[in-house]
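Structural characterization, general
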Amino acid sequence: MTFDRSLKIAPSILASDFANFGAECAAVEAQGADWIHVDVMDGHFVPAITFGAQTCAAIRPHIKTVMDVHLMISPVDAYLQGFADAGADVITAHVEAGPHIHRTLQTIRGLGCKAGVALNPGTPASAVADLMDDVDLVCVMTVNPGFGGQKFIDMTAKVRQLREMIGDRPVHIEIDGGVDPSTAPLVRAAGADVLVAGSAVFRGGSVDNPGPYGDNIRAIRAAAG
Ligand code: DX5
Ligand code: ZN
């Protein structure tokens, strides 16, 4: 994975057909997705349960680009090896998920993956100020994690602060939640480079009719500029 700050659209398969992840990943990639965002939920850190490392491993061969695994789980550390073995390129853990985020990030890098840290809407940028040399990605949640299809919460000021804190370091800023053509320009202008989008990408299309995925991705890209 090479680093740059160009715009990347990362469809979240949370909004795709759970019975057909492999084909859904191939379809959105063929339609222009840059990364694939994979949401892991444990029913404890967040209310919903999705799937774990075994499902990630099953999905992996169907992804040609970057597999971006977002862990909404607590505790985290005991599961990291499993997600690395599953072939994750990026593993993101929440700063709120436990007392030892620094150790978690070190472990992720030690497993050969890019390390991400995610911040809930109620968590200030300052919570990750001492982690700038230990992360490859900061994920700014623009909804409270747990479900797709929620309304965007404006975290533009936080994105600007993080962009300044990052400086010249090769650290991505990712936005997750409620991204669509109306909200994408705000976060892109504030300094984000990875835009996760679930419902705004998968709506209207299917594996058998993937054209709308491409239309939706192009609409977000064009709006973000
Ligand atoms: C929310 C997840 C998101 C979600 C985004 O807890 O982390 O990745 O899939 O979905 P949309 O784009 O529909 O808000
Ligand atoms: Zn996510």
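I will try to describe carefully the structure that is included in this document.

This brings us to the coordination of the zinc ion (ligand 2). Surrounding the zinc ion (ligand 2) are the protein donor atoms H37 (NE2), D39 (OD), H70 (ND1) and D176 (OD), which sit 2.0 to 2.3 Å from the metal. Relative to the metal, the six donor atoms surrounding the zinc ion (ligand 2) lie at angles of 69 to 171°, and the coordination shape comes out octahedral. Mapping the donors of the zinc ion (ligand 2) onto the primary sequence gives the spacing H-x1-D-x30-H-x105-D. Here the residue H37 occupies a position in strand β2 (residues 35-41), and H70 occupies one in strand β3 (residues 66-72), the gap between them amounting to 33 residues.

Burial of strand β8 (residues 194-197) is two-sided: the residues V194 and V196 facing one way and the residues L195 and A197 facing the other way are all buried. Sheet topology places strand β1 (residues 8-11) next to β8; four bridges connect them, and they run parallel. Following the sheet pairing, I9 is matched in β8 by L195. Note: strand β7 (residues 172-176) against β8, three bridges, orientation parallel. Directly across from D176, in β8, lies its bridge partner V196. Between the parallel pair β7 and β8, the chain is carried across by helix α6 (residues 184-190), and the sense of this crossover is right-handed.

The subject of this paragraph is unusual backbone geometry. Following S74, the chain continues to P75 via a peptide bond in cis, the omega torsion being 0°. Mapped onto the elements of the fold, P75 is located in the loop between β3 and α3 (80-85).

A full pass over the atoms with the stated rule returns zero disulfides. No disulfide involves C113; its sulfur sits 11 Å from the nearest other cysteine sulfur, which is in C56. Free of any disulfide, C139 has its nearest cysteine sulfur in C56, 15 Å distant.

A few words now on the sheet that holds β2. Adjacent strands of a sheet form backbone hydrogen bonds with each other and so pair up, either parallel or antiparallel. Spatially, eight strands are ordered β1-β8-β7-β6-β5-β4-β3-β2 in an open sheet, and the strand pairing comes out parallel. Pairing within the sheet leaves two strands with one partner each, and these edge strands are β1 and β2. Strand-to-strand, the axes of this sheet are offset by a mean angle of 25°, without reference to chain direction. The pairing of strand β5 (residues 114-119) with strand β6 (residues 137-141) spans four bridges and is parallel.

Along the chain, the position of R5 falls in the segment before β1. In this structure, the C-alpha to C-alpha distance between R5 and S16, residues eleven residues apart in sequence, is 27 Å. Residues within four places of R5 in sequence aside, it is in contact with R163, I166, G167, D168, R169, V171, R188 and D193. Within the structure, R5 has its side chain in polar contact with the backbone oxygen of R169 (distance 2.9 Å).

With that settled, consider the site of ligand 1. The environment of ligand 1 is formed by 20 residues, the closest being D39, G146, D176, G198 and S199. Here S12 contributes a side-chain N or O atom positioned 2.9 Å from an oxygen atom of ligand 1. The separation between an oxygen atom of ligand 1 and a polar side-chain atom of D39 is 2.7 Å. For ligand 1, whose accessible area on its own is 380 Å², the fraction buried by protein is 99%. If you list the elements that add at least two residues to the shell around ligand 1, you get β2, β3 and β8.

Counting buried positions over the five residues of strand β4 (residues 90-94) gives five, a clear majority of the element. Side chains V90, T92 and H94 of β4 all project onto a buried face; the interleaved residues I91 and A93 project onto the opposite face, where all are buried too. Here β3 pairs with β4 via four bridges, running parallel. Note that in β4 the partner of L71 across the bridge is A93. In the classification by handedness, the crossover that spans β3, the intervening α3 and the parallel β4 is right-handed. The pairing of β4 with β5 spans five bridges and is classified as parallel. When the bridges of β5 are listed, I91 appears paired with A115.

How each quantity is defined
Residues numbered from 1 in each chain as written. Chains lettered and ligands numbered in written order. Predicted model: local features only at pLDDT ≥ 70, side-chain atom pairs only at ≥ 80, totals over all residues. Heavy atoms only, no water. Donors = N, O, S within 2.8 Å, 3.2 Å for Na, K, Ca; no water. Tetrahedral: all angles 85-135°; square planar, octahedral: opposite > 155°, others 65-115°. Helix = DSSP H or I, 4+ residues; strand = E, 2+ residues; numbered from the N terminus. Buried < 20%, exposed > 50% of the residue type's maximum accessible area, 1.4 Å probe, protein only. Pairing = 2+ DSSP bridges. Right-handed = clockwise from strand over helix to strand, strands pointing away. Disulfide = S-S within 2.5 Å. Axes fitted to C-alpha atoms, helices over the stretch in contact; angles between N-to-C directions. Contact = heavy atoms within 4.5 Å. Polar contact = N/O pair within 3.5 Å; in protein donor to acceptor, adjacent residues only side chain to side chain. Near = heavy atom within 4 Å. Areas by Shrake-Rupley, 256 points an atom, 1.4 Å probe, with all protein chains shown as cover.

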